[in-house]
2 protein chains.
Amino acid sequence: MKTIKLNLQNRSYNIVIGKGILKTRLGKFLQNLNLGNAAFIITNNTIKTKYEKILSGALRLSHIGFKLITVPDSEKSKSLETACGLIKNLADYDKKRKVFVIAFGGGVIGDLAGFVASIYKRGIPYAQIGTTVLAQVDSSIGGKTGVDLKQGKNLAGAFYQPKLVFSDVAFLESLDLRQIRSGLAEVIKYGIIKDPGLFDYLEKESHDCETSWIKKLDFEFLVSRCGAIKAKIVSLDEKEEKGYRTILNFGHTIGHAIEAAGNYKKYNHGEAIALGMLVACDISEMLGLTHKNTCLRIENVIASTGLPTKIKKISPRDIIKSHYLDKKFIGSRNRFVLLEKIGKVKVVEDIPLEIIKSALAKKTLPL
Amino acid sequence: MKTIKLNLQNRSYNIVIGKGILKTRLGKFLQNLNLGNAAFIITNNTIKTKYEKILSGALRLSHIGFKLITVPDSEKSKSLETACGLIKNLADYDKKRKVFVIAFGGGVIGDLAGFVASIYKRGIPYAQIGTTVLAQVDSSIGGKTGVDLKQGKNLAGAFYQPKLVFSDVAFLESLDLRQIRSGLAEVIKYGIIKDPGLFDYLEKESHDCETSWIKKLDFEFLVSRCGAIKAKIVSLDEKEEKGYRTILNFGHTIGHAIEAAGNYKKYNHGEAIALGMLVACDISEMLGLTHKNTCLRIENVIASTGLPTKIKKISPRDIIKSHYLDKKFIGSRNRFVLLEKIGKVKVVEDIPLEIIKSALAKKTLPL
């Protein structure tokens with residue numbers, strides 16, 4: 001088991017990573033933190049079926065009551081309507097208790113449950129128990145909570161830190177390949193922006209011919225390395241005001257636009273981010289910031305995982321169109337995180353539209 | 001014109017108080033703060049009819065575009081549903097603009113609009129332009145935003161500071177007596193908790209026989225004195241975690257319960273707070289914390305304004321019942337702000353229920 005501290009003065013918390021720790025360690029951590037005597041657990045049916053017994057056992061041993069609510073396992077659950085329903089449900093549960101929230105699931109659950117905890121009574125404590133690679137390496141850490149509006153992803157939300165991030169990598173064993181891949185896109189991102197050693201590890205482990213190698217990766221190592229990077233960046237720039245945190249968006253500006261242009265159906269988050277990173281690499285190469293070979297190394301690792309490397313059935317025009325709705329655009333200006341070399345990226349503003357279009361066209365298969 | 005600075009590191013802001021300053025000064029303040037080029041104004045129809053022209057003139061002079069949305073002039077507008085509707089409206093307005101929010105109205109508008117600003121894009125800037133005594137002396141300052149749930153007032157919300165509090169006391173001239181009275185309850189509260197001079201002023205100006213004296217008060221003085229106290233307290237304890245801010249709740253624990261037990265119809269906020277303060281005085285006297293004469297002085301000032309001094313048509317039982325839903329109760333413990341002398345209060349926990357019941361009974365007229 002490994003513990004990483006995220007330093008944020010009185011909002012500091014631990015990220016705990018290990019295998020099989022839900023059963024053996026969670027209760028003790030919650031007891032020590034003294035978050036409350038009643039847990040309002042937000043999860044989905046898949047997770048409930050698999051893990052409710054283990055979680056409820058851990059809570060009972062710690063004398064914590066609980067109520068477990070499920071939401072559909074879909075990005076559609078990240079809505080204001082779902083959040084409002086949960087808040088009302090929480091208020092009903094809260095009578096004469098000291099209640100806290102547990103986000104028990106992937107990125108959708110984490111973002112939604114964190115938002116609910118941030119709003120209820122102007123903020124009650126919550127714990128993130130991520131059950132996917134994406135949640136454990138990225139979304140459960142750092143306090144970005146929120147829901148989507150029809151006008152764009154994460155347009156309503158709050159910066160609100162959890163009191164505990166608890167990542168049991170045993171959850172990852174039962175995930176299917178597509179889900180693991182989606183999370184690996186973020187792992188690759190961490191390698192690119194900050195950790196050449198992590199990138200080298202992925203490159204070394206990867207195979208060209210089949211993708212099952214990704215199930216054999218050392219996830220305790222991956223989750224720890226990514227968690228440490230994210231914890232460092234968040235502690236320097238909690239609210240993305242100082243420029244540091246922006247680099248976590250490598251591949252995300254175009255990635256979010258690809259997700260949106262595909263109506264959140266054609267590509268899942270990780271797949272869209274993989275494509276977004278490749279487009280960002282091409283823009284970097286066109287601007288002379290990085291070398292072609294670096295882009296090729298990244299493309300090879302992405303391809304080996306089975307993540308897409310070409311955009312299919314979405315036109316560059318549609319991506320550009322949705323692009324300007326993305327919240328990363330301030331007024332009419334754009335802002336991209338671009339590549340210099342593995343482990344080093346930089347924020348560049350006002351990229352000419354022609355370059356973005358051209359990079360998109362290069363990565364798009366003819367309709 | 002008077003400017004009070006509320007110190008909160010990078011979230012510091014000014015409280016500007018003056019007469020006729022909406023027309024002459026607002027534009028300059030907004031321009032200097034550079035909050036954005038598009039204002040999303042949340043107000044109600046009464047305010048719109050009276051002041052839209054002046055406000056829009058000030059914005060136009062500063063080259064700030066705007067969209068003005070009205071919500072019904074009622075506590076019912078402080079709902080999750082209204083907030084969600086406004087957020088969607090705001091997202092529609094936001095395309096390619098740098099948008100900020102203006103709360104233009106009384107306490108309901110301020111709480112609601114601040115909450116909307118806090119959530120949209122995880123927080124955009126907002127300005128508080130309070131148009132009632134209550135808003136100017138209290139609710140527009142300090143960043144407590146929120147909406148009500150059926151389970152209780154302000155159960156969903158955020159601590160989120162405005163970038164400017166702008167109080168034109170000329171707005172107060174057209175208010176009716178009941179609205180002024182409601183705000184004066186909070187002014188009396190400030191005198192009691194922190195400012196004997198302010199209390200003396202009210203005592204000196206008050207008349208026993210008629211209540212029109214309250215229209216002749218020096219509101220620039222009152223708003224400034226209350227604003228200075230609130231600014232100081234909020235800067236010491238922004239999120240009500242250190243005990244300082246709690247004293248602002250003098251009269252509010254019982255007051256909120258009275259409001260709720262009367263279904264928010266029998267008493268408005270100020271009336272309920274006046275009654276809550278009198279009950280808190282009685283509890284303080286019963287516990288030997290304060291002298292009977294002090295309670296009498298407070299009761300006399302409250303009576304002179306025309307605010308109620310006895311609870312009518314609500315039973316102590318109903319108040320106690322709603323009481324435990326109030327968010328100030330942590331688990332099963334209660335917490336009251338009690339009186340020592342004018343200008344000095346203290347926080348006391350675990351008051352025996354019998355004492356609360358007895359104080360309530362003393363202030364309740366037979367059904």
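Please refer to the structure placed before this passage.
A brief structural summary. (Residues numbered from 1 in each chain as written. Chains lettered and ligands numbered in written order. Predicted model: local features only at pLDDT ≥ 70, side-chain atom pairs only at ≥ 80, totals over all residues. Heavy atoms only, no water.)

1. Quick look at helix α5 (residues 107–119) of chain A
Residues and elements named next belong to chain A.
Then comes step 1: Compared with the 18 Å implied by 1.5 Å per residue over 13 residues, the 18 Å span of α5 between its first and last C-alpha is a close match.
Then comes step 2: Of all 13 residues in α5, 13 are buried; the element is thus mostly enclosed.
Then comes step 3: K121 sits one or two positions beyond α5 and adopts a positive phi of about 50 degrees. (Helix = DSSP H or I, 4+ residues; strand = E, 2+ residues; numbered from the N terminus. Expected span 1.5 Å × (residues − 1). Buried < 20%, exposed > 50% of the residue type's maximum accessible area, 1.4 Å probe, protein only.)

2. Re the environment of G243 of chain A
Residue and element names in this part refer to chain A.
Then comes step 1: Topologically, G243 is positioned in the loop between α9 (219–236) and α10 (252–261).
Then comes step 2: The class of G243 is partly exposed, set by a relative accessible area of 32%.
Then comes step 3: Between the C-alpha atoms of G243 and K346, which are 103 residues apart in sequence, the distance is 9.5 Å.
Then comes step 4: Sequence-distant contacts of G243, that is, excluding residues within four places in its chain, are made with D237 and V347. (Contact = heavy atoms within 4.5 Å.)

3. Observations regarding the packing of aromatic side chains
Then comes step 1: Taken as a whole and judged by the stated rule, the model has 14 aromatic pairs over all chains.
Then comes step 2: Ring geometry for F29 of chain A against F166 of chain A: centres 5.9 Å apart, planes inclined by 65 degrees, an arrangement best described as edge-to-face. One end of the pair, F29 of chain A, is in helix α2 (residues 26–33); the other, F166 of chain A, is in strand β9 (residues 164–168), with 137 residues separating them in the sequence.
Then comes step 3: For the pair F104 of chain B and F171 of chain B, a centre-to-centre distance of 5.9 Å together with 70 degrees between the ring planes defines the contact as edge-to-face. Separated by 67 residues along the polypeptide, F104 of chain B in strand β5 (residues 99–105) and F171 of chain B in the loop between β9 (164–168) and α7 (177–194) bring together distant segments of the chain.
Then comes step 4: Connected via pairs of aromatic rings, a cluster forms that spans Y51, F104 and F171 of chain A.
Then comes step 5: For R122 of chain A, the ring lying beneath its charged end belongs to F159 of chain B, and the centroid distance is 5.8 Å.
Then comes step 6: In this arrangement the basic side chain of K189 of chain B is found over the ring face of Y190 of chain B, its NZ or CZ atom lying 4.7 Å from the centre. (Phe/Tyr/Trp six-rings, centres within 6.5 Å; stacked < 30°, edge-to-face > 60°. Lys NZ or Arg CZ within 6 Å of the ring centre and 35° of its normal.)

4. Focus: the relation of the copies chain A and chain B
Then comes step 1: For the pair chain A and chain B, the relating rotation is 180 degrees, the translation along its axis is 0.0 Å, and the fit reaches an RMSD of 0.0 Å. Accordingly, the operation relating the two chain copies is best matched by a two-fold axis.
Then comes step 2: Here 100% of the contact residues of chain A are again contact residues in chain B; the copies associate through an equivalent surface. (Least-squares fit on C-alpha atoms with pLDDT ≥ 70 in both.)

5. Let's talk about the sheet that holds β9 of chain A
All names here are of chain A.
Then comes step 1: One open sheet accounts for 7 strands, arranged β1-β2-β9-β6-β5-β3-β4; its pairing is mixed. Each end of this open sheet is capped by a strand with a single partner; those strands are β1 (2–6) and β4 (65–70). Pairs of neighbouring strands in the sheet enclose a mean axial angle of 20 degrees, with direction left out of account.
Then comes step 2: Bridge count for strand β6 (residues 126–130) against β9 is 2 bridges, and the pairing is parallel. The partner of Q128 across the bridge, within β9, is V165.
Then comes step 3: Set on the sheet, α9 makes contact with β1, β2 (13–18) and β9; between it and β1 the angle comes to about 15 degrees. (Pairing = 2+ DSSP bridges. Axes fitted to C-alpha atoms, helices over the stretch in contact; angles between N-to-C directions.)

6. So, the sheet that holds β9 of chain B
All names here are of chain B.
Then comes step 1: Strand order in the open sheet formed by 7 strands is β1-β2-β9-β6-β5-β3-β4, with mixed pairing between adjacent strands. Looking along the sheet, the strands with just one partner apiece sit at the ends: β1 (2–6) and β4 (65–70). Strand-to-strand twist of the sheet, defined as the mean angle between neighbouring strand axes without regard to direction, takes the value 20 degrees.
Then comes step 2: Both β5 and strand β6 (residues 126–130) contribute to a ladder of 5 bridges, which runs parallel.

7. Some details on the packing of α10 of chain A against helix α11 (residues 269–286) of chain A
Residues and elements named next belong to chain A.
Then comes step 1: At a minimum axis separation of 7 Å, α10 and α11 run at an interaxial angle of 130 degrees. Here α10 is positioned oblique relative to α11, judged by the angle of their axes. The chirality of how α10 crosses α11 is right-handed. On α11, the residues that touch H252, I254, G255, H256, I258 and E259 of α10 are H269, A272, I273, L275, G276 and V279.
Then comes step 2: A per-class count over the contact of α10 with α11 returns 6 nonpolar, 5 polar and 1 charged. (Parallel < 35°, antiparallel > 145°, perpendicular 65-115°, else oblique. Left-handed = near helix turned anticlockwise from the far one by under 90°. Nonpolar A, V, L, I, M, F, W, Y, C, P; charged D, E, K, R; others polar.)

8. Description of the pairing of strand β5 (residues 99–105) of chain A
All names here are of chain A.
Then comes step 1: The buried fraction of β5 is high, at 7 of 7 residues.
Then comes step 2: When strand β3 (residues 38–43) meets β5, the two strands line up parallel, connected through 5 bridges. Among the inter-strand pairings, A38 is bridged to a residue of β5, identified as V99.
Then comes step 3: Chirality of the crossover, the property in question, places the unit of β5, α5 and β6 among those that are right-handed. (Right-handed = clockwise from strand over helix to strand, strands pointing away.)

9. Details of the interface of chain A and chain B
Then comes step 1: Residue-level contacts link 32 residues of chain A with 32 residues of chain B.
Then comes step 2: When chain A packs against chain B, the two sides together hide about 2900 Å² of surface, and 62% of this comes from carbon and sulfur.
Then comes step 3: Connecting chain A to chain B are 4 salt bridges.
Then comes step 4: We note a salt bridge from K150 of chain A to D92 of chain B, for which the minimum N-O separation is 3.7 Å.
Then comes step 5: Remark: the boundary between chain A and chain B carries 12 residue pairs in polar contact (both at pLDDT 80 or more).
Then comes step 6: Of all the elements, helix α4 (residues 80–93) of chain A adds the most residues to the side of chain A that touches chain B, at 7 residues.
Then comes step 7: Tallied by class, residues from the side of chain A that touches chain B come to 13 nonpolar, 7 polar and 12 charged. (Buried area = accessible area lost by both parts, 1.4 Å probe. Salt bridge = Lys/Arg side-chain N within 4 Å of Asp/Glu carboxyl O. Polar contact = N/O pair within 3.5 Å; in protein donor to acceptor, adjacent residues only side chain to side chain.)

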